[in-house]
Amino acid sequence: MRDDHYCLSEVALFRDLSRREMAALAAAAPMRTVAAGQVVYDPSRPVSVLFIVKSGRLRLYRVLPDGRTVTTALPGPGAVFGEMGLLGLHMGGTWAEALEDAVLCLMSPADVRSMLLSDPRIATRIAEQLGARIAELEQRVVDLAGKSVLERTAHTLCLLAVRTGAGRDPEPVRLTHEQLAGLVGATRERTTEALGELAHRGLVRLQRARVRLLDPPGLAAVADGARPPPE
């Protein structure tokens, strides 16, 4: 099973570097600020480039033959993605656009060779993440075969939730029902039904193009297959 457009983690890749080494790496790699709605990767004009998300969130999606789009990932701060065969990263027919104002670090193949693969510590972390990706794909196959749409929806919301500090609710998950359906692996209608059920249980609150998590532990329990208490 091939899934071209996955993301590595900047935090994991560079965790062995000192602050001085990180500063030198950042100074050598160009930064680019993009506005919400701006396309940053167009598969009809492919180019070898590695994106490191410094701030903001992007949307990776595919366009179906009937013109509809399917969201495949929502990389945020610390995610690494792009068309970079040296790292086993491929976009294929996937587009990338900014969901909100974002700052990206861009690397060419020459940058990747000189700044990443030349450092055995980073090369080792890349190999570790690629191995972890295989396990993740295997788990995804299991989830699609064995978990309900409700469970997969709860699991996806838990993964996307951004913590804001101890004792505080996570930031809302900012995406439409159609975008969430692409991540869950279900139709928009079935995903909307699942969201309605989660809202009925008091686990989430549905707002325009966003989902607020009211009870993250309860949502995690649903993701693990817990059944609601009898009324």
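For the structure itself, look to the data block above.
Owing to the predicted nature of the structure, the values given are computational and were not obtained by experimental measurement.

Rules of the game
- Residues numbered from 1 in each chain as written.
- Predicted model: local features only at pLDDT ≥ 70, side-chain atom pairs only at ≥ 80, totals over all residues.
- Heavy atoms only, no water.
- Buried < 20%, exposed > 50% of the residue type's maximum accessible area, 1.4 Å probe, protein only.
- Helix = DSSP H or I, 4+ residues; strand = E, 2+ residues; numbered from the N terminus.
- Arc of directions from axis to C-beta.
- Core = buried A, V, L, I, M, F, W, Y, C linked by side-chain atoms within 4.5 Å.
- Contact = heavy atoms within 4.5 Å.
- Pairing = 2+ DSSP bridges.
- Axes fitted to C-alpha atoms, helices over the stretch in contact; angles between N-to-C directions.
- Parallel < 35°, antiparallel > 145°, perpendicular 65-115°, else oblique.
- Nonpolar A, V, L, I, M, F, W, Y, C, P; charged D, E, K, R; others polar.
- Phe/Tyr/Trp six-rings, centres within 6.5 Å; stacked < 30°, edge-to-face > 60°.
- Lys NZ or Arg CZ within 6 Å of the ring centre and 35° of its normal.
- Lys, Arg positive; Asp, Glu negative; His and termini not counted.
- Salt bridge = Lys/Arg side-chain N within 4 Å of Asp/Glu carboxyl O.

K.L.:
What exactly am I supposed to notice about helix α3 (residues 109-117) here?
P.N.:
Because each turn of an α-helix spans 3.6 residues, side chains separated by three or four positions in sequence point in the same direction. Taken together, the buried positions of α3 are D111, V112, M115 and L116. Each buried residue of α3 lies within a common arc of 100° when the element is viewed along its axis, so the set occupies one face.

K.L.:
Please explain the nonpolar core as it appears in this structure.
P.N.:
One broad trend across soluble globular proteins is that nonpolar side chains are buried collectively. Membership of the largest hydrophobic core comes to 22 residues, with the highest contact counts inside it found for L157, L175, L198, V204, L213 and L219. Secondary structure elements with two or more residues in this core: α5 (149-160), α6 (177-184), α7 (188-200), β11 (210-213) and α8 (216-223). In terms of residue count, the dominant contributor to this core is α5 (five residues). Once you skip the residues sitting within four places of it in the chain, L175 turns out to touch L74, L160, L180, L183, A209 and R210. Membership of the second largest hydrophobic core comes to 18 residues, among which are L17, M84, L87 and M115.

K.L.:
Just to check I follow, could you spell out the pairing of strand β5 (residues 58-63) for this structure?
P.N.:
Sheet faces and side chains relate simply in a regular strand, where the side chains alternate between the two faces. Where β5 meets strand β8 (residues 95-98), four bridges bridge the pair, whose relative direction is antiparallel. Counterpart to L58 in the pairing with β8 is A98. Joining the antiparallel neighbours β5 and strand β6 (residues 69-73) is a turn of five residues, in which G67 adopts a positive phi near 95°.

K.L.:
Got a minute to help me understand the packing of α5 against α6 in this structure?
P.N.:
Helices that pack against each other are described as a pair by the angle of their axes relative to one another and the distance between those axes. Orientation of α5 relative to α6, taken along the N-to-C sense of each, is 105°, at an axis distance of 9 Å. As judged from the angle between their axes, α5 and α6 are roughly perpendicular. Here V149, R152, T153, T156, L157 and L160 of α5 lie close against α6, whose contacting residues are L180, L183 and V184. Of the residues in the contact of α5 with α6, the class split is six nonpolar, two polar and one charged.

K.L.:
Help me understand the packing of aromatic side chains, please; the structure alone is not making it clear to me.
P.N.:
Any aromatic ring pair is given by two values, namely how distant the centres are and how the planes are angled relative to each other. Inspection of the entire model under this criterion finds two aromatic pairs. Between the aromatic rings of F51 and F81, the centroid separation amounts to 5.1 Å while the plane-to-plane angle is 25°, which identifies the pairing as stacked. Here F51 is found in strand β4 (residues 49-55), whereas its partner F81 is found in strand β7 (residues 79-83), with 30 residues between them in sequence. In this pair, the class of F51 matches that of F81, namely buried. One residue, R59, lies across the ring of Y61, its end atom 4.3 Å from the ring centre.

K.L.:
Looking at this structure, I do not really get the side chain of D111. What am I missing?
P.N.:
Within the element layout of this structure, D111 appears in helix α3. Buried and without a salt bridge, D111 has R113 as its closest oppositely charged side chain, separated by 9.4 Å.

K.L.:
Please explain the sheet that holds β8 as it appears in this structure.
P.N.:
The strands that make up a sheet pair up through hydrogen bonds in the backbone, lying either parallel or antiparallel. Taken in spatial order, the four strands line up as β3-β8-β5-β6 in an open sheet, and their pairing is antiparallel. Whereas interior strands pair on both sides, the edge strands pair on one side only; in this sheet they are β3 (39-41) and β6. If you compare each strand with its neighbour and ignore which way they point, the axes differ by 40° on average. Where α6 meets the sheet, it contacts β5 and β6, and its direction lies at approximately 60° from that of β6.

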